[in-house]
Amino acid sequence: VQMTTAKPNPQSFPLFAVADEIVSFLQDTASQKKIEIENEIPENIIVYADFNHIRHVLRNLLANAVKFSFEQGKIIVNATSDDKEVTTFVKDEGIG
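Remember, it's a predicted structure, so these values are computed and weren't measured experimentally.

By size, the foremost hydrophobic cluster in this structure holds 22 residues, and its most contacted members are Leu15, Ile37, Ile41, Leu58, Leu62 and Ile75. Looking at this core, the elements with two or more residues in it are helix H1 (15–32), strand E3 (46–50), helix H2 (51–68) and strand E4 (74–81). Sort the elements by how many residues they give to this core and H1 lands first, with eight residues. Among all residues touching leucine 62, those that are not within four sequence positions of it are Ile22, Val23, Leu26, Ile37, Ile75, Val77 and Val90.

With respect to the helices, strands and loops of the structure, asparagine 39 is situated in strand E2 (residues 36–39). In this structure asparagine 39 comes out as buried when scored by relative accessible area, which is 16%. Here the side chain of asparagine 39 touches phenylalanine 16 through a polar contact of 3.1 Å, landing on its backbone oxygen. Within the structure, the side chain of asparagine 39 is placed 3.1 Å from the backbone nitrogen of isoleucine 41, a separation counted as a polar contact. Non-local contacts of asparagine 39, meaning those with residues more than four positions away in its chain, are made with Phe16, Ala19, Asp20, Val23 and Val77.

Turning to the packing of aromatic side chains, a few remarks are in order. The final tally for this structure, using the stated rule, is one aromatic pair. Here the aromatic rings of phenylalanine 13 and phenylalanine 51 are separated by 5.1 Å at their centres, their planes lie at 80°, and the arrangement is edge-to-face. Of this pair, phenylalanine 13 sits in strand E1 (residues 10–14) while phenylalanine 51 sits in helix H2; the two residues are 38 residues apart in sequence, bridging distant segments of the chain. Looking at phenylalanine 13, the relative accessible area reads 7%, which means it is buried.

This part takes up unusual backbone geometry. Backbone geometry places lysine 34, a non-glycine residue, at a positive phi of 60°. Structurally, the position occupied by lysine 34 is in the loop between H1 and E2. Look at lysine 34 and you get exposed, because its relative accessible area is 51%.

Across its 18 residues, H1 extends 26 Å between first and last C-alpha, which sits within 8% of the 26 Å expected from 1.5 Å per residue. Its axis deflected by about 50° at leucine 26, H1 carries its strongest bend there. Packing partners of the buried residues in H1 comprise E1, E2, E3, H2, E4 and strand E5 (86–91). Lysine 34 occupies a position one or two residues after H1 and carries a positive phi of about 60°.

Moving on: the sheet that holds E4. Spatially, E2-E4-E5 is the arrangement adopted by the three strands of the open sheet, whose pairing is mixed. Strand pairing shows two members of the sheet lacking a second neighbour, E2 and E5, which therefore form its edges. Neighbour to neighbour, the strand axes of the sheet diverge by 10° on average, direction disregarded. For E4 and E5, the ladder comprises six bridges, and the chain directions are antiparallel. Bridge assignment links isoleucine 76 to a residue of E5, and that residue is lysine 91. Each of E2, E4 and E5 touches H1; the most contacted strand, E2, lies at about 175° to it. Contacting E2, E4 and E5, H2 runs over the sheet at an angle of about 150° to E4.

What counts, and where the lines are drawn
- Residues numbered from 1 in each chain as written.
- Predicted model: local features only at pLDDT ≥ 70, side-chain atom pairs only at ≥ 80, totals over all residues.
- Heavy atoms only, no water.
- Core = buried A, V, L, I, M, F, W, Y, C linked by side-chain atoms within 4.5 Å.
- Buried < 20%, exposed > 50% of the residue type's maximum accessible area, 1.4 Å probe, protein only.
- Helix = DSSP H or I, 4+ residues; strand = E, 2+ residues; numbered from the N terminus.
- Contact = heavy atoms within 4.5 Å.
- Polar contact = N/O pair within 3.5 Å; in protein donor to acceptor, adjacent residues only side chain to side chain.
- Phe/Tyr/Trp six-rings, centres within 6.5 Å; stacked < 30°, edge-to-face > 60°.
- Expected span 1.5 Å × (residues − 1).
- Bend = angle between axes of the 7 residues up to and from the residue.
- Pairing = 2+ DSSP bridges.
- Axes fitted to C-alpha atoms, helices over the stretch in contact; angles between N-to-C directions.

Take a look at the structure:
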């Protein structure tokens, strides 16, 4: 599914909550491969961005991590922030 060029609708929201929703959504698929997903994003990180775009990007990153991780692997989603930006990353034990 390709994203449309809809006008962004930025708002403030906790990144942890978005990641937590996606981790819950992917839990059944991950469990089938005995993969553990950990959301280590600090709960105090608030982002100002388009909620749907961020959710879409995180869902794709985490779904790919589950898809390409080896059985009994571990996936970690985390983020760091400073005064100007938030860096989010997904670490897995798969190929690539």
